[in-house]
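Coordinates in review
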Amino acid sequence: MKKLTRREMLQATAAGAAGAAAMALPLGKIATVQAGKFFTPAEFAVVDALSDMIIPTDAQSGGARAAGVAAYIDARLAESCEPEPPARWRAGLTAVEDLSRELHGKAFMESTPEQRLATLTRMAAAEAEPKTPAEKFFGEIKGSTIRAYYTSKVGIRDDQQYKGNVYQTGEFAGYDPA
């Protein structure tokens, strides 16, 4: 019986793991991101619009839509093991629709861009002390949008101009104990 070297064992293990992972995924779905795992198409559109209003595209970088924030939030909620986060999001999206109908007489996505902004502005007005369901949901969607955006390539590289692990030239801006 031939002894395996450490390198051969690691190669065989890696090949087996890769093969098992590939077999577990359906064909055509290996390298694609699916939107709508948790949200309905209408809910996804509202989350996408709200997140893009919170972090819009500017001259420096793409906004939340370009970073795929709604798809990220959708995937995290679909993976949730706890029932509370998905329930909060469903209730929050219902509150957004209710507020839009109260203010403008129509659903959020049927509203004009100005009316959508007015709805978002109303939700954000009491950010420090939210009382209504829509105001409480604003904190949820704002926090999730920021977290998803600044962990994306668009947020890190384009907006924050992170260049990776590179040598920093110039004066050190850190703590100097002397």
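1. Looking at the packing of aromatic side chains
Enumeration according to the criterion identifies 4 aromatic pairs in this entry. Between Phe38 and Phe39 the ring centres are 5.2 Å apart and the planes differ by 65°, which places this aromatic pair in the edge-to-face class. Relative accessible area serves as the criterion here: at 3%, Phe39 is assigned to the buried category. Here a set of aromatic residues connected by ring pairs shows up, and it is made of Phe38, Phe39, Trp89 and Phe137. One residue, Arg116, lies across the ring of Phe108, its end atom 5.9 Å from the ring centre.

2. Structural notes on the pattern of salt bridges
This structure, assessed with the given rule, holds 7 salt bridges. The salt bridge involving Arg90 is made with Glu43; its shortest N-O contact spans 2.3 Å. With Arg90 in helix α5 (residues 84-104) and Glu43 in helix α2 (residues 41-54), this pair connects stretches of sequence that are 47 residues apart. Relative accessible area serves as the criterion here: at 15%, Glu43 is assigned to the buried category. The salt bridge partner of Glu79 is Arg76, with a shortest N-O separation of 3.0 Å. One end of the pair, Glu79, and the other, Arg76, are both in helix α4 (residues 69-79), 3 residues apart, so they sit about a helical turn from each other. Arg76 gets classed as partly exposed once you look at its relative accessible area, which sits at 35%. Salt bridges linked by common partners bring Asp48, Asp52 and Arg65 together as one network.

Conventions and cut-offs
- Residues numbered from 1 in each chain as written.
- Predicted model: local features only at pLDDT ≥ 70, side-chain atom pairs only at ≥ 80, totals over all residues.
- Heavy atoms only, no water.
- Phe/Tyr/Trp six-rings, centres within 6.5 Å; stacked < 30°, edge-to-face > 60°.
- Buried < 20%, exposed > 50% of the residue type's maximum accessible area, 1.4 Å probe, protein only.
- Lys NZ or Arg CZ within 6 Å of the ring centre and 35° of its normal.
- Salt bridge = Lys/Arg side-chain N within 4 Å of Asp/Glu carboxyl O.
- Helix = DSSP H or I, 4+ residues; strand = E, 2+ residues; numbered from the N terminus.

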